[in-house]
Amino acid sequence: MGLLVHIFAAIVALNLVGRAALQTDQPVLDLFPEFNSLKTSYHQTIQTFQSEFQTIQSELATVKSKLQSFSEPRPAFLAVWTADTVALRSGDIIKFNHVVTDIGNDYSSSTGKFKAPKQGTYFFGGTVVSAPPDPLNLSLMKSGTPIMNPYATGTQGDSYTFTAVLQLNAGDTVYVQKPSGAEKAYGRSHSIFSGFMIF
Ligand SMILES: *[C@@H]1O[C@H](CO)[C@@H](O)[C@H](O)[C@H]1NC(C)=O
């Protein structure tokens, strides 16, 4: 009987102490300050890692898109004018008809125009040959604006070679046009028009 009373008393005592411990608002782990400071520094370390990881992710995305645009084929063309002697009138655009190279299909031999598929810096080059006794006065055009006037005299075999570096917007056109007057010119595969996107 005495033993049972003792056991009962112990159970009641443990129950009271246990309840008191459970009812306290303070988390048990707060009782260990070392643990708390460890937890704080661990939390800060993870936050630092997260923000560094986000920076790396966005830098990687930038590098990826740059690599992608770099590895895309860039427009490039070469067209040769095979016509013999052609009488050009004011406003005529030379249709360099024999397309040797046309990566991206941005040059049209039916219009004689190169149309920029995207914004960028482009190089153009070409040679035009006059048909004596006519001189040959042409314009390299950028979307309706003359950039330069390739000019060859009416001396047999005279030619003009032009080069141009142009900043184009998508949709800009570049072509060779007779700005005024009427003159003959040689195709004969002497006259050519070429270009490519630099960057
Ligand atoms: C060539 O044509 C342009 C535009 O019409 C004109 O300004 C220029 O004087 C011409 N050049 C020659 C040498 O005729």
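Reading guide: rules and limits
- Residues numbered from 1 in each chain as written.
- Predicted model: local features only at pLDDT ≥ 70, side-chain atom pairs only at ≥ 80, totals over all residues.
- Heavy atoms only, no water.
- UniProt positions renumbered as here; feature names shortened; annotations may be inferred.
- Helix = DSSP H or I, 4+ residues; strand = E, 2+ residues; numbered from the N terminus.
- Buried < 20%, exposed > 50% of the residue type's maximum accessible area, 1.4 Å probe, protein only.
- Contact = heavy atoms within 4.5 Å.
- Salt bridge = Lys/Arg side-chain N within 4 Å of Asp/Glu carboxyl O.
- Core = buried A, V, L, I, M, F, W, Y, C linked by side-chain atoms within 4.5 Å.
- Pairing = 2+ DSSP bridges.
- Polar contact = N/O pair within 3.5 Å; in protein donor to acceptor, adjacent residues only side chain to side chain.
- Near = heavy atom within 4 Å.
- Areas by Shrake-Rupley, 256 points an atom, 1.4 Å probe, with all protein chains shown as cover.

As annotated in an unreviewed UniProt entry, the protein is Putative C1q domain containing protein MgC1q42 from Mytilus galloprovincialis. Its UniProt record gives the protein a comment under Subcellular location (unreviewed entry), which states: "Secreted".

A few words now on the overall build of the protein. A count of helical and extended segments in the protein gives 2 helices and 14 strands. Counting all 199 residues of the protein, 27% fall into the buried class. Relative to all contacts within the protein whose residues are 6 or more apart in sequence, the contacts with residues 24 or more apart total 70%.

With that out of the way, let us pick up the pattern of salt bridges. Inspection of every chain in the model, using the stated rule, returns 5 salt bridges. Salt-bridge contacts for Arg-188 lead to Asp-84; the nearest nitrogen and oxygen are separated by 2.4 Å. Here Arg-188 is found in the loop between β13 (183-186) and β14 (192-197), whereas its partner Asp-84 is found in the loop between β1 (76-80) and β2 (85-88), with 104 residues between them in sequence. A relative accessible area of 46% places Asp-84 in the partly exposed class. For Asp-134, the salt bridge goes to Lys-184, with nearest N and O atoms at 3.9 Å. Of this pair, Asp-134 sits in the loop between β6 (120-130) and β7 (136-137) while Lys-184 sits in strand β13; the two residues are 50 residues apart in sequence, bridging distant segments of the chain. Looking at Asp-134, the relative accessible area reads 18%, which means it is buried. On the basis of relative accessibility, which here comes to 34%, the residue Lys-184 falls in the partly exposed class.

Now for unusual backbone geometry. Put simply, Pro-132 and Pro-133 share a cis peptide bond, and its omega is 10°. Along the chain, Pro-133 falls in the loop between β6 and β7. The backbone of Arg-188 sits at a positive phi, close to 50°, despite the residue not being glycine.

Take the nonpolar core next. Phe-96, Phe-114, Phe-124, Leu-168, Val-176 and Phe-193 are the most contacted members of the largest nonpolar core, which has 25 residues in total. Mapped by element, the contributors of at least two residues to this core are β1, β6, β11 (159-168), β12 (173-177) and β14. Broken down by element, this core gets its largest block of residues, 4 residues, from β11.

Further remarks concern the sheet that holds strand β8 (residues 139-142). An order of β4-β5-β12-β8-β9 is seen for the 5 strands of this open sheet, with the pairing classed as antiparallel. In this open sheet, the two strands that pair with only one neighbour each are β4 (107-108) and β9 (145-148). In this structure, β4 lies alongside strand β5 (residues 113-115), joined through 2 bridges in antiparallel fashion. When the bridges of β5 are listed, Ser-108 appears paired with Lys-113.

Turning next to the environment of Asp-172. Mapped onto the secondary structure, Asp-172 falls in the loop between β11 and β12. Separated by 58 residues in sequence, Asp-172 and Phe-114 place their C-alpha atoms 8.2 Å apart. Among the polar contacts listed, one links the side chain of Asp-172 to the side chain of Ser-143, at a separation of 2.9 Å.

Lining the immediate surroundings of the ligand are Asn-137, Tyr-151, Pro-179 and Ser-180. Between an oxygen atom of the ligand and a side-chain N or O atom of Asn-137, the distance comes to 2.3 Å. Separating an oxygen atom of the ligand from a side-chain N or O atom of Ser-180 is a distance of 2.9 Å. For the ligand, whose free accessible area comes to 360 Å², the fraction covered by protein is 43%.

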